[in-house]
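# Structural overview
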Amino acid sequence: MRWIVLFEDTKEMLAHRKRHGAAHLAYLDLYSDRILVGGGLRTDPDAPFCGGLWVVEATERGDVEDLVRHDPYFHPDHRSYRIMAWGKAIDRPVTL
């Protein structure tokens, strides 16, 4: 089953990102078999990050929740998230 996680950050999250960026990237690498795609979101290319998005392979919603809560970027005061089941409409290999 595939899920998406949509993160929304406060402005204060930018400082948290700077402090924990290396640990966050190592975490994504460690769980690359489950966090298939991940990246930061901006309102436009030159704007600061305001959130993020993951595509996750997991059996249950609780597994996705665990991944989110153990990520070094997770800070409940500065980052909220929504988890949604995702039905892929176009099923072909994608290279990003």
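You'll find the structure just up there.
Quick notes on the rules
Residues numbered from 1 in each chain as written. Predicted model: local features only at pLDDT ≥ 70, side-chain atom pairs only at ≥ 80, totals over all residues. Heavy atoms only, no water. Helix = DSSP H or I, 4+ residues; strand = E, 2+ residues; numbered from the N terminus. Buried < 20%, exposed > 50% of the residue type's maximum accessible area, 1.4 Å probe, protein only. Polar contact = N/O pair within 3.5 Å; in protein donor to acceptor, adjacent residues only side chain to side chain. Arc of directions from axis to C-beta. Pairing = 2+ DSSP bridges. Axes fitted to C-alpha atoms, helices over the stretch in contact; angles between N-to-C directions. Contact = heavy atoms within 4.5 Å. Bend = angle between axes of the 7 residues up to and from the residue. Phe/Tyr/Trp six-rings, centres within 6.5 Å; stacked < 30°, edge-to-face > 60°. Lys NZ or Arg CZ within 6 Å of the ring centre and 35° of its normal.

What follows covers the environment of histidine 24. Position of histidine 24 among the secondary structure elements: in helix α1 (residues 13-30). The buried category is assigned to histidine 24, whose relative accessible area is 8%. Linking histidine 24 and aspartate 71, residues 47 residues apart in sequence, is a C-alpha distance of 6.3 Å. There is a polar contact of 2.8 Å between the side chain of histidine 24 and the side chain of aspartate 71.

Along helix α2 (residues 61-70), the positions that sit buried rather than exposed are Val64, Leu67 and Val68. Buried residues of α2, viewed axially, fall in a sector of 95 degrees; they line one side.

What follows concerns the sheet that holds strand β1 (residues 2-9). Strands sit in the order β2-β3-β1-β4 across an open sheet of four strands; the sheet is antiparallel. Taken across any chain shown, the strands that pair with only one partner, and hence form the sheet edges, are β2 (35-42) and β4 (79-86). Neighbour-to-neighbour, the strand axes of this sheet turn through a mean angle of 15 degrees, independent of strand direction. Of the strand pairs in this sheet, β1 and β4 are connected by eight bridges, and their pairing is antiparallel. Its bridge partner being in β4, aspartate 9 is matched across the sheet by arginine 79. Across the face of the sheet, α1 comes into contact with β1, β2, β3 (49-57) and β4 while running at roughly 20 degrees to β3. The sheet strands contacting α2 are β1, β2, β3 and β4, and the helix crosses β4 at an angle near 150 degrees.

It is worth spelling out α1 at this point. At histidine 20, α1 shows its maximal bend, which comes to roughly 70 degrees. Within α1, the full set of buried residues consists of Met13, His16, Arg17, Gly21, His24, Tyr27 and Leu28. On its buried side, α1 packs onto β1, β2, β3, α2 and β4.

Applying the stated criterion across every chain, the model contains four aromatic pairs. When the centroid spacing of 4.9 Å and the interplanar angle of 55 degrees are considered together, the rings of tyrosine 27 and tyrosine 31 count as tilted. By relative accessible area, which is 9% here, tyrosine 27 ends up buried. Aromatic pair phenylalanine 74 and tyrosine 81: ring centres 5.9 Å apart, planes at 70 degrees, arrangement edge-to-face. An aromatic cluster is built from Phe7, Trp54, Phe74 and Tyr81, whose rings are joined through pairwise contacts. The aromatic ring of phenylalanine 49 is capped on one face by arginine 42, whose charged end is 3.8 Å from the ring centroid. Above the face of the phenylalanine 7 ring, arginine 79 is positioned so that its terminal group lies 4.4 Å from the ring centre.

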